Amino acid sequence: MIQNIVRDSMKTIGLGLAAGAVLFVAAWIAGTLAGGLDVTAGLETARAVMFIGGALGLFVLAGSNLFFRHKQEWKHKDAWKKIFPVFSYKVVLGIASLVVLIMASALDYVMYYL
């Protein structure tokens, strides 16, 4: 049981890191090109997009907790349990969103000292 929790935690953190990296690279390239090839403009755009992406993930989580409280049968539950045997989709979404927000905060901290 503990091994499954640790394995699900690592998968979820990895998913959040991958999502944050994709958001960072896409927004950094778009911001750099839109800012006249200014790297600082790209970093500011990437930071903002990562904050927005993480916050939107948490808003979706809050909305799903508010509106889908009753347990209805989910048709992809067996496929989900093969990937994440312990965590539900809400836990995965929450942790991945928090990881993206932590990455954005780290980028903000680095940019502050540049």
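Remember, it's a predicted structure, so these values are computed and weren't measured experimentally.

Scoring rules and cut-offs
Residues numbered from 1 in each chain as written. Predicted model: local features only at pLDDT ≥ 70, side-chain atom pairs only at ≥ 80, totals over all residues. Heavy atoms only, no water. Salt bridge = Lys/Arg side-chain N within 4 Å of Asp/Glu carboxyl O. Helix = DSSP H or I, 4+ residues; strand = E, 2+ residues; numbered from the N terminus. Buried < 20%, exposed > 50% of the residue type's maximum accessible area, 1.4 Å probe, protein only. Contact = heavy atoms within 4.5 Å. Polar contact = N/O pair within 3.5 Å; in protein donor to acceptor, adjacent residues only side chain to side chain. Axes fitted to C-alpha atoms, helices over the stretch in contact; angles between N-to-C directions. Parallel < 35°, antiparallel > 145°, perpendicular 65-115°, else oblique. Left-handed = near helix turned anticlockwise from the far one by under 90°. Nonpolar A, V, L, I, M, F, W, Y, C, P; charged D, E, K, R; others polar. Phe/Tyr/Trp six-rings, centres within 6.5 Å; stacked < 30°, edge-to-face > 60°. Lys NZ or Arg CZ within 6 Å of the ring centre and 35° of its normal.

Enquirer: Report on the pattern of salt bridges, specifying residues and quantitative values.
Expert: Opposite charge on two side chains allows them to pair when their charged atoms are near. Overall, the coordinates contain 1 salt bridge when judged by the stated rule. The salt bridge involving Arg 47 is made with Asp 108; its shortest N-O contact spans 2.9 Å. Residue Arg 47 is found in helix α2 (residues 39-67), and its partner Asp 108 is found in helix α4 (residues 89-112); the two are separated by 61 residues along the sequence. On the basis of relative accessible area, Arg 47 is assigned to the partly exposed category, the value being 24%.

Enquirer: Go over the environment of Met 50, please, and point to the residues and values.
Expert: Looking at the secondary structure, you find Met 50 in helix α2. Judged by its relative accessible area of 1%, Met 50 is buried. In this structure the C-alpha to C-alpha distance between Met 50 and Ala 26, which are 24 residues apart in sequence, comes to 10 Å. Non-local contacts of Met 50, meaning those with residues more than four positions away in its chain, are made with Gly 20, Leu 23, Phe 24, Val 100, Leu 101, Met 103, Ala 104 and Leu 107.

Enquirer: Which residues make up the side chain of Asp 8, and what values go with them?
Expert: Checked against the element boundaries, Asp 8 lands in helix α1 (residues 2-34). At a separation of 2.7 Å, a polar atom in the side chain of Asp 8 contacts the main-chain amide nitrogen of Val 86. For Asp 8, the residues in contact, after removing those within four places along its chain, are Ile 83, Phe 84, Pro 85, Val 86 and Phe 87.

Enquirer: Please provide a residue-by-residue account of the packing of α1 against α2, values included.
Expert: The geometry of α1 relative to α2 is characterised by a closest axis approach of 7 Å and an angle of 140° between their N-to-C directions. On the basis of their axis angle, the class for α1 and α2 is oblique. Crossing handedness for the pair α1 and α2: right-handed. From α1, Gly 20, Leu 23, Phe 24, Ala 27, Trp 28, Gly 31 and Thr 32 reach across to α2, where they touch Val 39, Ala 41, Gly 42, Leu 43, Thr 45, Ala 46, Val 49, Met 50 and Gly 53. By residue class, the composition of the contact of α1 with α2 is 10 nonpolar, 6 polar and no charged.

Enquirer: So what about the packing of aromatic side chains? Which residues, and what values?
Expert: In total, this model carries 4 aromatic pairs according to the counting rule given. An angle of 5° between the planes, with centres 6.3 Å apart, marks the rings of Phe 24 and Trp 28 as stacked. Linking Phe 24 with Trp 28, this pair stays in helix α1, spanning 4 residues, or about one helical turn. Classification of Phe 24 by relative accessible area gives partly exposed; the value is 24%. Classification of Trp 28 as partly exposed rests on a relative accessible area of 30%. Among the aromatic residues, those joined into a cluster by ring pairs are Tyr 109, Tyr 112 and Tyr 113. Just above the ring of Phe 84 sits the side chain of Lys 11; from NZ or CZ to the centre is 5.8 Å.

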